[in-house]
Amino acid sequence: MTALALAATTAACSDESSSSGSTILNVAGAPTGPLQRNFNPFLTTGPMNLIGGVSMINEPLFIPSAVEVGKTTPWLAKSWKYSADGKELTLDLQSGVKWSDGRPFSAEDVVFTFNMLQKNPAMNVYGLALGPARAEGPDKVVLTFPVPGFTQEAFIGATYIVPKHIWEAVPDPAAFTNENPVGTGPFMLDTWSPQGYLLKKNPGYWQAGKPKIDGLRYVVYNSNVSANLALAQGELDWAANFVNNIEKEYVANDPANNKYWFPPVAPTFLGMNLTKPQYQNTDVRRAISLALDREKLVEVAEQNQQPANTTPTGLVFPQHERFVAAKYKGVTLKQDIPAAKALMEKAGYRIGGDGYAVGPDGKRFTMTLLTSSGFTDIITMYQVMTDQLKQIGIEVKVETKATSEFIANQFVGNFDASTVGPLTGAFTPFHAYERTLAGYLTQDIGKPAFANQVRWKDARTDQLLQQYAATQDPAAQQAALDGIQDIMVEQVPVIPLFNFVAWAEYNTRKVIGWPDAGNPYATATPIGPGSVLVATSLEPKAK
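Report follows, based on the coordinates. (Residues numbered from 1 in each chain as written. Predicted model: local features only at pLDDT ≥ 70, side-chain atom pairs only at ≥ 80, totals over all residues. Heavy atoms only, no water.)

Quick word on the overall build of the protein chain
The condition is simple: Only DSSP runs of H or I covering at least 4 residues are called helices, and only runs of E covering at least 2 are called strands; the numbering of each starts at the N terminus. Each radius of gyration reported is based on C-alpha atoms, and the globular scaling rule is 2.2 Å times the count of residues to the power 0.38. Here, residues are in contact when the closest pair of their heavy atoms is within 4.5 Å. Accessibility throughout is a Shrake-Rupley quantity obtained with a 1.4 Å probe, and a residue counts as covered only by protein chains that appear here. Working convention for charge: Lys and Arg count positive, Asp and Glu count negative, and His plus the chain ends are omitted. A charged residue contributes its charge at one atom only: NZ of Lys, CZ of Arg, CG of Asp or CD of Glu.
Regarding its fold elements, the protein chain presents 18 helices and 22 strands. Taking 2.2 N^0.38 as the reference for a compact globule, 543 residues should give roughly 24 Å; the C-alpha atoms of the protein chain span a radius of gyration of 23 Å, in line with that estimate. Over its C-alpha atoms, taken along the principal directions, the protein chain stretches across nearly 70 × 55 × 45 Å. Pairs at least 24 residues apart make up 72% of the contacts formed inside the protein chain by residues separated by at least 6 positions. Accessible surface, the protein chain: about 20300 Å² in total, of which carbon and sulfur atoms supply 51%. If the 44 positive side-chain charges of the protein chain are averaged to one point and the 50 negative ones to another, these points end up 1 Å apart.

Side note on the packing of helix α16 (residues 459-469) against helix α17 (residues 474-491)
As a reminder of what qualifies: Note on geometry: axes are C-alpha line fits, over the in-contact stretch for helices, and angles between N-to-C directions span 0 to 180 degrees. The labels follow the angle: roughly parallel below 35 degrees, roughly antiparallel above 145, roughly perpendicular from 65 to 115, and oblique for the rest. By the definition used in this description, the sense in which the near helix is turned from the far one sets the handedness, with an anticlockwise turn below a right angle giving left-handed and a clockwise turn giving right-handed. Under the convention adopted here, Pro, Cys and the residues Ala, Val, Leu, Ile, Met, Phe, Trp and Tyr are nonpolar, Asp, Glu, Lys and Arg are charged, and Gly plus all remaining residues are polar.
As a packed pair, α16 and α17 sit with axes 8 Å apart at the nearest point and diverge in direction by 160 degrees. With respect to their mutual orientation, α16 and α17 come out roughly antiparallel. Along this stretch, α16 crosses α17, giving a crossing that reads as left-handed. Every residue of α17 that contacts α16 at Arg 460, Thr 461, Leu 464, Leu 465, Gln 467 and Tyr 468 is listed here: Ala 476, Gln 477, Ala 479, Ala 480, Leu 481, Gly 483, Ile 484 and Ile 487. Taken together, the residues of the contact of α16 with α17 break down into nine nonpolar, four polar and one charged.

A word on the nonpolar core
Condition: Among buried residues, the Ala, Val, Leu, Ile, Met, Phe, Trp, Tyr and Cys ones that are joined through side-chain atoms within 4.5 Å form a nonpolar core. Only protein chains enter the area calculation, which uses a 1.4 Å probe; residues under 20% of their type maximum are buried, those over 50% are exposed, and those in between are partly exposed.
In terms of nonpolar packing, the biggest core is built from 169 residues, with Leu 61, Leu 91, Phe 114, Leu 216, Ile 288, Met 385 and Leu 389 touching the most fellow members. Looking at this core, the element that brings in the most residues is helix α5 (residues 107-119), giving seven residues. Setting aside residues up to four positions removed in sequence, Ile 288 forms contacts with Leu 270, Met 272, Tyr 279, Phe 365, Met 367, Leu 389, Ile 392, Ile 394 and Ile 495.

Examining the sheet that holds strand β16 (residues 366-372)
Note the cut-off: Strands were regarded as paired on the criterion that DSSP finds at least two bridges between them.
Strand order in the open sheet made by the five strands is β17-β16-β18-β13-β19, with mixed pairing throughout. Across the chains shown, the open sheet's two edge strands, defined by having one partner strand only, are β17 (395-401) and β19 (495-501). On average, each strand axis in the sheet is inclined to that of its neighbour by 30 degrees, with strand direction left out of account. Across seven bridges, β16 lies against β17 in parallel orientation. By the bridge assignment for β17, Thr 371 is matched with Thr 400.

Looking at the pairing of strand β4 (residues 77-82)
A regular strand places its side chains so that they alternate between the two faces of the sheet. Relative to strand β5 (residues 88-93), β4 runs antiparallel, the two being bridged by five bridges. Bridged to Lys 81 within β5 is Thr 90.

Quick look at unusual backbone geometry
Working note: non-glycine residues mostly have negative phi, and peptide bonds are mostly trans. Following Lys 210, the chain continues to Pro 211 via a peptide bond in cis, the omega torsion being -5 degrees. With respect to the helices and strands, the residue Pro 211 is situated in the loop between β9 (196-201) and β10 (215-219). Backbone torsion omega between Phe 317 and Pro 318 reads 15 degrees, so that peptide bond is classified as cis. Relative to the helices and strands, Pro 318 is located in the loop between α11 (294-302) and α12 (337-346). Phi is positive for Gln 303, which is not a glycine, with a value near 50 degrees. One non-glycine residue, Arg 455, lies in the positive phi region at around 65 degrees. Summarising the element assignment, Arg 455 is placed in the loop between α15 (429-437) and α16.

Here's the deal with the sheet that holds strand β7 (residues 140-144)
With respect to topology, four strands assemble into an open sheet ordered β4-β5-β7-β6, the strand pairing being antiparallel. A strand with exactly one partner marks an edge of an open sheet, and here the two such strands are β4 and β6 (134-135). When β6 meets β7, the two strands line up antiparallel, connected through two bridges. From the neighbouring strand, Ala 135 faces β7, where its bridge partner is Val 141. Relative to the sheet, α5 contacts β5, β6 and β7, its axis offset from that of β7 by approximately 15 degrees.

Have a look at this one:
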């Protein structure tokens, strides 16, 4: 999702590094407004997952790269290996790790975490297909899968591990607020308020000499506007914002230190709720796609900070470009209003004197676009889209909600149309498609679907996804991808819009060691599993 938000208290924005000799970074993620004290790492709309901090406390097993297909950094697991049939994954864990309360970390904690996710689908946000997990010694875990689990590797790695000795006593882990979180991470909760929280260095952290910074203060905002003001004034050290006129409004204030890096990491689609009859006609979906001028959308709304996705396959360039089927290489999506109008007419719609399309039932074609009230760039994009779709007779309305409410409504299918995509990760082309289109990962309307929120249900799509997942043969996997790309192009289950980037603004006044295009060891965003790799790579700047 795009990102940020409004101002917190003066104390929350003060620079302790100058007054006490410590190095504490002020950090902001997605706009949320005042927080509830909930540190459940599996709650997608919880504080740590929205504004950041989750992996600083509850760490992942390993960290898959979002910018380099196939690159992975070991973490709590130092190595791992699949069985020949892909139905078992053996994890060798780091030794000598302790929880922040001093208790030893072991294989039993990992086993407990995955068995808990298996038993509680509402917490299984990655849609992992799991069998029973077992420990084979204090530092070895075997995960089992009912079907080959090769394609689940990235999400197994990105799963946050929790302490068995605390969570096993929780009667309903999905509802557990975890107000005083215990983790293996480099930081611990120090203070909390509805306006943000401070994480302090974990003195017993298992990676010797790390972290080299003393703390992270996560600050709450309500929209991009006030967050960007704080960023421009040097009150934020690390953020995940869309910044209007970023070179002028941010970089120019301190060119030597104010930096940003926005690598594309996942496709973003215009997703229509496919349980609604007006979107079940392929010609209508194709018409909507043809009506859009993607270059104009990202120019006006994103200032090209998020690039247009113009391949009909919907894959992310450059990292997925080599996986594009031969027939679609070099093919681009272009606006074609006459062709779009013809498809609307073929679908039974006629444009009346008022310029709006009316169907055989006499009803005007209306599309309501949902987003967060804090995502100012997406709201602007919707406004531009309104004018483009009006050209083929579609009336557009824009609906905004608070970020957590927007996400929750999208998960349960309470929306007409919205921006959707594999927000949990597009580490490979398979993940981009599975997280967006897999019928076996979606849910009926009213139940939360952490993938495939558009509710696309197509036997051929699922067959091709499962064909890919059952093998590690590159040729067989590419054949499956080719088939899915045919479905994307011919049936347009979702409409490519732009490539979501890993938003990251940071400064080098206090610390150095940030990732960038020249050293892409992780994305630089303060949100998600990779942020712990960044935080433990930073070190105070020499004075």
